[in-house]
Amino acid sequence: MSEMRLVMVGAAGRMGRMLIKAVAESGGCRLVGAIEREGSTALGQDAGSLAGLPPLGVSVTDDPLPIFAKADGVLDFTSPAGTVAFAALAAQARIVHVIGTTGLAEEDFTKLEAAARHARIVQSGNMSLGVNLLAGLVRKVAATLGEDFDIEVLEMHHRMKVDAPSGTALLLGEAAAEGRKISLKDRSVRSRDGHTGARVPGDIGFATLRGGSVVGEHSVIFAGQGERLELGHRAEDRGIFARGAVRAALWGFDKKPGYYTMADVLGLNDL
(Lines give C-alpha, C1' and ligand atoms only; values in the text may rest on other atoms or scores of the structure.)
Protein backbone atom coordinates (compact mmCIF):
# COMPACT_ATOMS: atom_id res chain seq x y z
CA MET A 1 0.00 0.00 0.00
CA SER A 2 1.34 3.43 -0.92
CA GLU A 3 1.61 6.25 1.60
CA MET A 4 -1.71 7.91 2.34
CA ARG A 5 -1.73 11.58 1.35
CA LEU A 6 -3.46 13.61 4.07
CA VAL A 7 -4.79 17.18 4.23
CA MET A 8 -5.19 19.14 7.45
CA VAL A 9 -8.05 21.64 7.73
CA GLY A 10 -7.96 24.20 10.53
CA ALA A 11 -4.19 23.76 10.40
CA ALA A 12 -3.36 26.71 12.66
CA GLY A 13 -5.66 25.67 15.49
CA ARG A 14 -4.54 23.79 18.58
CA MET A 15 -5.81 20.46 17.27
CA GLY A 16 -4.65 21.23 13.75
CA ARG A 17 -1.05 21.63 14.91
CA MET A 18 -1.26 18.42 16.94
CA LEU A 19 -2.65 16.58 13.93
CA ILE A 20 0.19 17.84 11.73
CA LYS A 21 2.64 16.51 14.32
CA ALA A 22 0.81 13.18 14.56
CA VAL A 23 0.90 12.72 10.78
CA ALA A 24 4.62 13.56 10.69
CA GLU A 25 5.31 10.98 13.42
CA SER A 26 3.14 8.21 11.93
CA GLY A 27 4.08 5.62 9.35
CA GLY A 28 2.05 5.00 6.22
CA CYS A 29 1.00 8.61 5.62
CA ARG A 30 2.34 12.06 4.82
CA LEU A 31 1.00 15.60 4.81
CA VAL A 32 0.25 17.06 1.36
CA GLY A 33 -1.94 20.04 2.29
CA ALA A 34 -2.84 22.44 5.09
CA ILE A 35 -5.95 24.63 4.98
CA GLU A 36 -6.87 27.72 6.98
CA ARG A 37 -9.66 30.29 6.67
CA GLU A 38 -9.33 33.33 4.47
CA GLY A 39 -7.38 36.10 6.22
CA SER A 40 -5.60 33.81 8.68
CA THR A 41 -2.14 34.96 9.73
CA ALA A 42 -0.94 31.39 9.12
CA LEU A 43 -1.46 31.59 5.34
CA GLY A 44 1.79 31.04 3.47
CA GLN A 45 3.58 29.54 6.47
CA ASP A 46 5.08 26.06 6.34
CA ALA A 47 2.79 23.57 8.11
CA GLY A 48 5.72 21.88 9.82
CA SER A 49 7.04 25.14 11.25
CA LEU A 50 3.52 25.97 12.40
CA ALA A 51 3.46 22.74 14.42
CA GLY A 52 6.94 23.25 15.88
CA LEU A 53 8.56 20.76 13.49
CA PRO A 54 11.21 21.13 10.81
CA PRO A 55 9.71 22.50 7.55
CA LEU A 56 7.62 19.93 5.67
CA GLY A 57 7.46 21.78 2.37
CA VAL A 58 3.68 22.21 2.70
CA SER A 59 2.40 25.80 2.73
CA VAL A 60 -0.86 26.77 4.43
CA THR A 61 -3.50 27.92 1.94
CA ASP A 62 -7.15 29.01 1.99
CA ASP A 63 -8.09 27.20 -1.25
CA PRO A 64 -9.06 23.59 -0.42
CA LEU A 65 -10.35 22.42 -3.81
CA PRO A 66 -7.02 21.75 -5.59
CA ILE A 67 -5.55 20.30 -2.38
CA PHE A 68 -8.43 17.83 -1.90
CA ALA A 69 -8.08 16.75 -5.54
CA LYS A 70 -4.57 15.38 -4.93
CA ALA A 71 -5.25 13.86 -1.49
CA ASP A 72 -6.44 10.52 -0.14
CA GLY A 73 -7.92 11.88 3.08
CA VAL A 74 -8.65 14.92 5.23
CA LEU A 75 -8.46 15.36 9.01
CA ASP A 76 -11.07 17.78 10.34
CA PHE A 77 -11.54 19.14 13.88
CA THR A 78 -12.99 22.50 12.81
CA SER A 79 -16.58 23.80 13.20
CA PRO A 80 -19.95 22.30 12.21
CA ALA A 81 -20.35 24.68 9.25
CA GLY A 82 -16.79 24.08 8.10
CA THR A 83 -17.11 20.31 8.46
CA VAL A 84 -20.27 20.18 6.34
CA ALA A 85 -18.55 22.20 3.60
CA PHE A 86 -15.44 20.02 3.72
CA ALA A 87 -17.60 16.87 3.58
CA ALA A 88 -19.08 18.06 0.28
CA LEU A 89 -15.57 18.53 -1.11
CA ALA A 90 -14.48 15.13 0.20
CA ALA A 91 -17.46 13.57 -1.57
CA GLN A 92 -16.46 15.25 -4.83
CA ALA A 93 -12.89 13.98 -4.42
CA ARG A 94 -14.11 10.55 -3.16
CA ILE A 95 -11.60 10.52 -0.30
CA VAL A 96 -11.57 9.70 3.42
CA HIS A 97 -12.94 12.43 5.71
CA VAL A 98 -12.10 11.94 9.40
CA ILE A 99 -14.33 14.17 11.53
CA GLY A 100 -13.58 14.99 15.16
CA THR A 101 -15.67 18.18 15.15
CA THR A 102 -18.13 18.49 18.04
CA GLY A 103 -21.36 20.48 18.34
CA LEU A 104 -22.86 18.94 15.17
CA ALA A 105 -26.63 19.33 14.86
CA GLU A 106 -29.13 16.83 13.46
CA GLU A 107 -29.23 18.62 10.11
CA ASP A 108 -25.41 18.47 9.94
CA PHE A 109 -25.45 14.69 10.36
CA THR A 110 -28.02 14.44 7.55
CA LYS A 111 -25.61 16.26 5.21
CA LEU A 112 -22.68 14.12 6.33
CA GLU A 113 -24.66 10.96 5.62
CA ALA A 114 -25.40 12.28 2.13
CA ALA A 115 -21.68 12.95 1.57
CA ALA A 116 -20.93 9.39 2.69
CA ARG A 117 -22.50 8.08 -0.51
CA HIS A 118 -19.23 9.04 -2.22
CA ALA A 119 -16.75 9.81 0.60
CA ARG A 120 -15.54 7.52 3.37
CA ILE A 121 -16.74 9.44 6.43
CA VAL A 122 -15.26 8.40 9.80
CA GLN A 123 -16.95 10.50 12.49
CA SER A 124 -16.73 10.39 16.26
CA GLY A 125 -17.39 12.72 19.16
CA ASN A 126 -14.01 11.53 20.46
CA MET A 127 -11.12 9.97 18.54
CA SER A 128 -9.42 8.54 21.64
CA LEU A 129 -8.98 4.78 21.53
CA GLY A 130 -9.68 4.55 25.27
CA VAL A 131 -12.93 6.54 25.08
CA ASN A 132 -14.25 4.39 22.24
CA LEU A 133 -13.44 1.24 24.17
CA LEU A 134 -15.28 2.82 27.12
CA ALA A 135 -18.30 3.40 24.87
CA GLY A 136 -18.32 -0.28 23.97
CA LEU A 137 -18.22 -1.24 27.64
CA VAL A 138 -21.04 1.23 28.44
CA ARG A 139 -23.17 -0.32 25.70
CA LYS A 140 -22.58 -3.80 27.12
CA VAL A 141 -23.26 -2.81 30.75
CA ALA A 142 -26.41 -0.88 29.81
CA ALA A 143 -27.71 -3.92 27.94
CA THR A 144 -26.94 -6.18 30.92
CA LEU A 145 -28.38 -4.02 33.70
CA GLY A 146 -32.08 -3.24 33.67
CA GLU A 147 -33.89 0.02 34.42
CA ASP A 148 -33.38 -0.63 38.13
CA PHE A 149 -30.00 1.01 37.46
CA ASP A 150 -30.16 4.71 36.65
CA ILE A 151 -27.63 6.03 34.12
CA GLU A 152 -25.88 9.38 34.57
CA VAL A 153 -23.11 10.82 32.35
CA LEU A 154 -20.77 13.32 34.01
CA GLU A 155 -18.18 15.34 32.08
CA MET A 156 -15.70 18.11 32.78
CA HIS A 157 -13.66 20.20 30.34
CA HIS A 158 -11.56 23.36 30.28
CA ARG A 159 -13.17 26.76 30.65
CA MET A 160 -12.85 27.61 26.92
CA LYS A 161 -15.02 24.74 25.60
CA VAL A 162 -18.08 26.18 23.87
CA ASP A 163 -20.47 23.22 23.48
CA ALA A 164 -22.25 21.19 26.15
CA PRO A 165 -22.73 18.36 26.74
CA SER A 166 -19.43 17.44 25.14
CA GLY A 167 -19.35 15.30 22.02
CA THR A 168 -17.81 12.55 24.12
CA ALA A 169 -20.61 12.71 26.70
CA LEU A 170 -23.15 12.37 23.89
CA LEU A 171 -21.15 9.49 22.41
CA LEU A 172 -21.32 7.70 25.77
CA GLY A 173 -25.00 8.55 26.18
CA GLU A 174 -25.74 7.11 22.73
CA ALA A 175 -23.85 3.96 23.67
CA ALA A 176 -25.97 3.58 26.81
CA ALA A 177 -29.16 4.18 24.82
CA GLU A 178 -28.14 1.61 22.22
CA GLY A 179 -27.55 -0.91 24.98
CA ARG A 180 -31.01 -0.23 26.38
CA LYS A 181 -32.56 -0.13 22.88
CA ILE A 182 -34.05 3.29 23.46
CA SER A 183 -33.74 6.67 21.74
CA LEU A 184 -31.34 9.04 23.49
CA LYS A 185 -33.17 11.96 21.89
CA ASP A 186 -36.38 10.93 23.67
CA ARG A 187 -34.88 9.90 27.02
CA SER A 188 -31.99 12.30 27.76
CA VAL A 189 -32.15 14.83 30.61
CA ARG A 190 -29.72 17.70 30.00
CA SER A 191 -30.39 19.90 33.04
CA ARG A 192 -32.09 19.88 36.42
CA ASP A 193 -33.09 22.98 38.34
CA GLY A 194 -35.78 23.74 40.89
CA HIS A 195 -38.51 21.27 41.83
CA THR A 196 -37.92 18.59 39.19
CA GLY A 197 -39.85 15.75 40.75
CA ALA A 198 -38.60 12.19 41.08
CA ARG A 199 -36.25 10.77 38.50
CA VAL A 200 -38.06 8.99 35.65
CA PRO A 201 -36.90 5.35 35.32
CA GLY A 202 -35.01 4.75 32.09
CA ASP A 203 -33.89 8.34 31.54
CA ILE A 204 -30.22 9.06 30.82
CA GLY A 205 -28.98 12.14 32.67
CA PHE A 206 -26.13 14.48 31.79
CA ALA A 207 -24.14 16.77 34.06
CA THR A 208 -21.61 19.29 32.74
CA LEU A 209 -18.67 20.93 34.52
CA ARG A 210 -16.35 23.60 33.07
CA GLY A 211 -13.18 25.05 34.53
CA GLY A 212 -9.44 25.52 34.36
CA SER A 213 -7.42 23.60 31.81
CA VAL A 214 -9.02 20.16 32.10
CA VAL A 215 -8.45 18.25 28.85
CA GLY A 216 -11.43 15.97 29.37
CA GLU A 217 -12.90 13.76 32.08
CA HIS A 218 -15.92 11.51 31.59
CA SER A 219 -17.76 9.11 33.87
CA VAL A 220 -20.80 6.95 33.26
CA ILE A 221 -22.55 6.03 36.49
CA PHE A 222 -24.94 3.07 36.81
CA ALA A 223 -26.71 3.66 40.12
CA GLY A 224 -28.82 0.84 41.58
CA GLN A 225 -30.32 0.13 44.97
CA GLY A 226 -27.42 -0.39 47.36
CA GLU A 227 -24.69 -0.45 44.70
CA ARG A 228 -23.14 1.78 42.05
CA LEU A 229 -20.93 0.99 39.07
CA GLU A 230 -18.78 3.75 37.55
CA LEU A 231 -16.89 3.58 34.25
CA GLY A 232 -14.61 6.47 33.38
CA HIS A 233 -11.86 7.95 31.26
CA ARG A 234 -9.44 10.83 31.84
CA ALA A 235 -7.61 12.49 28.96
CA GLU A 236 -4.23 13.83 30.01
CA ASP A 237 -2.86 14.78 26.58
CA ARG A 238 -4.76 16.05 23.52
CA GLY A 239 -2.33 14.07 21.39
CA ILE A 240 -4.50 10.98 21.99
CA PHE A 241 -7.21 12.51 19.79
CA ALA A 242 -4.74 13.29 17.00
CA ARG A 243 -3.24 9.81 17.04
CA GLY A 244 -6.69 8.24 16.98
CA ALA A 245 -7.68 10.41 14.00
CA VAL A 246 -4.63 9.33 12.01
CA ARG A 247 -5.38 5.69 12.81
CA ALA A 248 -8.97 6.24 11.59
CA ALA A 249 -7.72 7.75 8.32
CA LEU A 250 -5.35 4.86 7.65
CA TRP A 251 -8.14 2.39 8.43
CA GLY A 252 -10.47 4.10 5.95
CA PHE A 253 -7.88 4.25 3.15
CA ASP A 254 -9.07 1.07 1.37
CA LYS A 255 -12.71 1.03 2.51
CA LYS A 256 -15.79 1.57 0.36
CA PRO A 257 -17.74 4.86 0.58
CA GLY A 258 -19.90 4.94 3.69
CA TYR A 259 -20.49 6.39 7.15
CA TYR A 260 -18.22 4.88 9.79
CA THR A 261 -17.37 5.48 13.45
CA MET A 262 -14.42 4.67 15.68
CA ALA A 263 -16.28 1.53 16.74
CA ASP A 264 -15.81 0.31 13.16
CA VAL A 265 -12.15 1.33 13.19
CA LEU A 266 -11.47 -0.58 16.42
CA GLY A 267 -13.77 -3.52 15.73
CA LEU A 268 -15.94 -2.81 18.77
CA ASN A 269 -19.42 -3.21 17.29
CA ASP A 270 -19.77 -6.71 18.72
CA LEU A 271 -18.79 -5.68 22.25
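See the structure shown above.
This structure is a prediction, so every number in the text was calculated from the model and none was measured.

Draft legend 1. Molecular detail of the sheet that holds strand E8 (residues 188-189). Spatially, E8-E9-E7-E10-E11 is the arrangement adopted by the five strands of the open sheet, whose pairing is mixed. Of all strands in the sheet, those with a lone pairing partner are E8 and strand E11 (227-235), marking the two edges. Where strand E7 (residues 150-157) and strand E10 (residues 216-224) come together, seven bridges link them in antiparallel fashion. Within E10, the position partnered with Glu155 by the bridge is His218. Against the sheet, helix H7 (residues 167-180) engages E7, strand E9 (204-210) and E10, with an angle of about 165° to E9.

Draft legend 2. Here's a closer look at helix H1 (residues 14-25). Across its twelve residues, H1 extends 17 Å between first and last C-alpha, which sits within 8% of the 16 Å expected from 1.5 Å per residue. Taken together, the buried positions of H1 are Met15, Gly16, Leu19, Ile20, Ala22 and Val23. Down the axis of H1, the buried side of the element spans an arc of 165°, and every buried residue falls inside it. Looking at the buried side of H1, the elements it contacts are strand E1 (4-9), strand E2 (29-35), helix H2 (47-50), strand E4 (73-76) and helix H9 (239-252).

Draft legend 3. Representation of the pairing of E1 in the model. Counting buried residues along E1, five of its six residues qualify, which places the element largely inside the surrounding structure. As defined by bridge partners, E1 adjoins E2 across six bridges and the pair is classed as parallel. Paired with Arg5 across the strands is Arg30, a residue of E2. For the segment spanning E1, H1 and E2, crossover handedness is right-handed. Bridge analysis of E1 against E4 gives four bridges, and the strand direction is parallel.

Draft legend 4. A look at the packing of aromatic side chains. Scanning the entire structure with this criterion turns up two aromatic pairs. With centroids separated by 6.0 Å and ring planes inclined at 25°, the aromatic side chains of Phe68 and Phe86 adopt a geometry described as stacked. Pair noted here: Phe68 is in helix H3 (residues 64-69) and Phe86 is in helix H4 (residues 80-93), with a separation of 18 residues, a long-range link. Among the residues examined, Phe68 registers a relative accessible area of 1% and is labelled buried. Where Trp251 meets Tyr260, the ring centres are 5.1 Å apart and the plane angle is 80°; that geometry is what we call edge-to-face. Residue placement shows Arg190 over the ring face of Phe206; its charged tip is 5.4 Å from the ring centre.

Draft legend 5. Spatial organisation of the pairing of strand E5 (residues 96-99). Neither face of E5 is open: one carries Val96 and Val98, the other His97 and Ile99, and all of them are buried. Pairing of E4 with E5, which is carried by four bridges, proceeds in the parallel orientation. Looking at E5, one finds that Val74 is bridged to His97. Between the parallel pair E4 and E5, the chain is carried across by H4, and the sense of this crossover is right-handed. The handedness of the E5 to strand E6 (residues 120-123) crossover, carried by helix H5 (residues 106-115), is right-handed.

Calculation criteria
- Residues numbered from 1 in each chain as written.
- Predicted model: local features only at pLDDT ≥ 70, side-chain atom pairs only at ≥ 80, totals over all residues.
- Heavy atoms only, no water.
- Pairing = 2+ DSSP bridges.
- Helix = DSSP H or I, 4+ residues; strand = E, 2+ residues; numbered from the N terminus.
- Contact = heavy atoms within 4.5 Å.
- Axes fitted to C-alpha atoms, helices over the stretch in contact; angles between N-to-C directions.
- Expected span 1.5 Å × (residues − 1).
- Buried < 20%, exposed > 50% of the residue type's maximum accessible area, 1.4 Å probe, protein only.
- Arc of directions from axis to C-beta.
- Right-handed = clockwise from strand over helix to strand, strands pointing away.
- Phe/Tyr/Trp six-rings, centres within 6.5 Å; stacked < 30°, edge-to-face > 60°.
- Lys NZ or Arg CZ within 6 Å of the ring centre and 35° of its normal.

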